[in-house]
Amino acid sequence: MRLIKQSKYYKSILTLGLPVVLAQLGQITVGIADNMMIGHIPGNSTDPLAAASFANTLFTLTILFGTGFSYIITPLIGNAFGQNKPQKIPNLFANGLASNAIVGVALTILLFILSKFMGSMGQPPQIIDMARQYMFVLMASILPMMGFFAFKQYAEGIGNTKVSMLITIAANLINVAVNYLLIYGKLGFPELGLLGAGIGTLISRIFMLLAAMWWFYRTPSLKKHLPSIAQVNITLEGMKPFFRMGLASGGQIVMESSAFALSTVMMGWLGAQGLAAHQIGISISTLGFMVYQGIGAATTIRISQLKGGRNINGMRNTMAASVHILLLMVICMGSFFFLSRHWLPSLFTTNTEVINLASQFLIVLAIYQLPDALMLIYGFALRGLADVLVPALITLVSLFAISLSVSYLSAFVWGYNEIGIWFGFPLGLSAGAILLIWRFTRKLKRYQKAWAIK
């Protein structure tokens with residue numbers, strides 16, 4: 001009987017989560033395809049791949065902050081949805097969209113400033129000019145991406161995850177096609193190499209925003225809200241909850257990834273080949289992360305809606321279903337990474353030393369799948385409760401104080417070199433997972449007491 005009762009929670013998470021998983025897989029597949037194309041630019045040099053690794057490290061830090069900032073739209077709208085107060089939603093969407101635009105401008109300016117200091121970060125000198133040109137094109141994609149995020153998180157807040165999946169898949173196909181034409185100069189287009197990959201990314205992200213706006217306008221149930229949205233007064237007070245929680249949420253996402261990003265900088269201190277192998281390992285690692293993130297997004301939606309309805313038992317059952325689904329995914333992804341550790345790197349490059357280094361990284365990657373997945377899912381669940389500050393501090397301690405410290409000591413003090421940089425990941429992620437599980441359990445107990453539910 002309990003299994004029958006629990007089945008509805010599995011179904012709810014899978015119904016919401018699978019479209020996100022498919023969209024995320026499509027997006028990361030394109031990222032991997034980008035790196036494969038870059039790795040096979042004529043000339044048999046690892047420099048374009050190393051330049052992409054360096055530029056993407058800086059760009060990813062900024063766009064991940066924007067992603068995390070926009071996540072707050074979902075629980076705020078989801079909570080209003082769960083409370084059956086749809087009149088709140090137009091105001092939340094308009095102020096959320098404006099907040100995203102402001103953050104998008106700020107991130108573009110920040111990235112431009114960072115680009116001026118790329119030559120002072122200890123990277124191989126031959127990749128700096130190439131990386132900077134690539135970065136300038138990526139910068140132009142931030143504003144359309146932040147606009148798309150606002151529409152995406154709005155849709156997910158009302159329980160629609162399919163639209164962003166369809167838009168993302170279409171954008172991915174456009175990205176691959178443009179990359180092929182511009183990286184290699186096919187069908188009469190100029191051969192732009194790494195710069196062509198950046199242009200493909202920009203075009204695909206502009207398409208995502210335009211497609212999201214078209215979807216909103218063409219959907220009758222959404223179009224009817226346009227007059228209400230147009231009448232919303234966008235104010236500092238209206239944007240306050242987005243900045244109050246969004247800055248912490250964005251900071252948490254950045255810290256989750258910055259250990260990997262800063263490890264890329266450290267890897268550059270060891271040379272271009274280690275940096276290229278690291279880029280391959282990080283690219284492959286996002287396969288698992290994006291899959292888990294899809295289930296995490298579904299968990300945020302359901303937890304925020306159930307919180308609005310004060311359904312403590314539903315929140316517990318939803319979390320149990322999410323973790324069970326996640327454990328199955330961890331087994332599959334971890335086994336795949338370990339068994340294909342020699343084959344996958346060979347898809348990116350023919351350089352034997354780079355392949356051997358990357359295959360060692362994939363062993364560590366397989367080991368830390370479980371703590372990585374648990375840390376992510378409980379972080380998303382807490383975001384559904386609009387709890388972002390303490391999780392951000394937990395992430396800071398686990399991934400900076402623990403992960404990066406162990407990485408540096410292993411590589412440069414204890415003499416493990418490139419593979420040593422990866423040793424810090426399992427320890428930091430495990431600490432973060434344990435602390436976030438504790439935090440979520442404690443929050444549920446507080447809600448149970450406050451709502452007087454026995």
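Residues numbered from 1 in each chain as written. Predicted model: local features only at pLDDT ≥ 70, side-chain atom pairs only at ≥ 80, totals over all residues. Heavy atoms only, no water.

A. Fine view of the layout of surface pockets. Of the pockets and cavities examined, the largest pocket occupies roughly 250 Å³. Along the walls of the largest pocket sit 17 residues, with P75, L76, N79, L92 and M245 positioned nearest its centre. Residue assignment for the lining of the largest pocket shows that the elements contributing at least two residues are α3 (73–82), α4 (89–115), α11 (236–268) and α12 (272–308). Its residues assigned to classes, the lining of the largest pocket shows 8 nonpolar, 6 polar and 3 charged. (1 Å grid on protein atoms, 1.4 Å probe; cavity = no way out; pocket = protein on both sides within 12 Å on 5 of 7 lines; lining within 4 Å. Points joined across faces, edges and corners; volume = space filled by probe spheres on them. Helix = DSSP H or I, 4+ residues; strand = E, 2+ residues; numbered from the N terminus. Nonpolar A, V, L, I, M, F, W, Y, C, P; charged D, E, K, R; others polar.)

B. Summary view of the nonpolar core. Y292, W422 and F440 are the most contacted members of the largest nonpolar core, which has 138 residues in total. Counting residues per element, this core draws most heavily on α12, at 16 residues. The residues contacting F440, other than those within four sequence positions of it, are I303, M319, Y378, A381, L382 and L385. (Core = buried A, V, L, I, M, F, W, Y, C linked by side-chain atoms within 4.5 Å. Buried < 20%, exposed > 50% of the residue type's maximum accessible area, 1.4 Å probe, protein only. Contact = heavy atoms within 4.5 Å.)

C. The environment of I367, seen in detail. Relative to the elements of secondary structure, I367 occurs in helix α15 (residues 352–367). Using a relative accessible area of 57% as the deciding quantity, one classes I367 as exposed. For the pair I367 and G271, spaced 96 residues apart in sequence, the C-alpha to C-alpha distance is 25 Å.

D. Molecular detail of the packing of aromatic side chains. As enumerated under the stated definition, the model contains 20 aromatic pairs in all. With a centroid separation of 5.8 Å and 75 degrees between ring planes, the pair formed by F151 and F216 is classed as edge-to-face. Of this pair, F151 sits in helix α6 (residues 142–157) while F216 sits in helix α8 (residues 194–218); the two residues are 65 residues apart in sequence, bridging distant segments of the chain. What makes F151 buried here is its relative accessible area of 10%. Pairing Y378 with F440 gives two aromatic rings, centres 5.8 Å apart and planes at 70 degrees, and the pair type is edge-to-face. (Phe/Tyr/Trp six-rings, centres within 6.5 Å; stacked < 30°, edge-to-face > 60°.)

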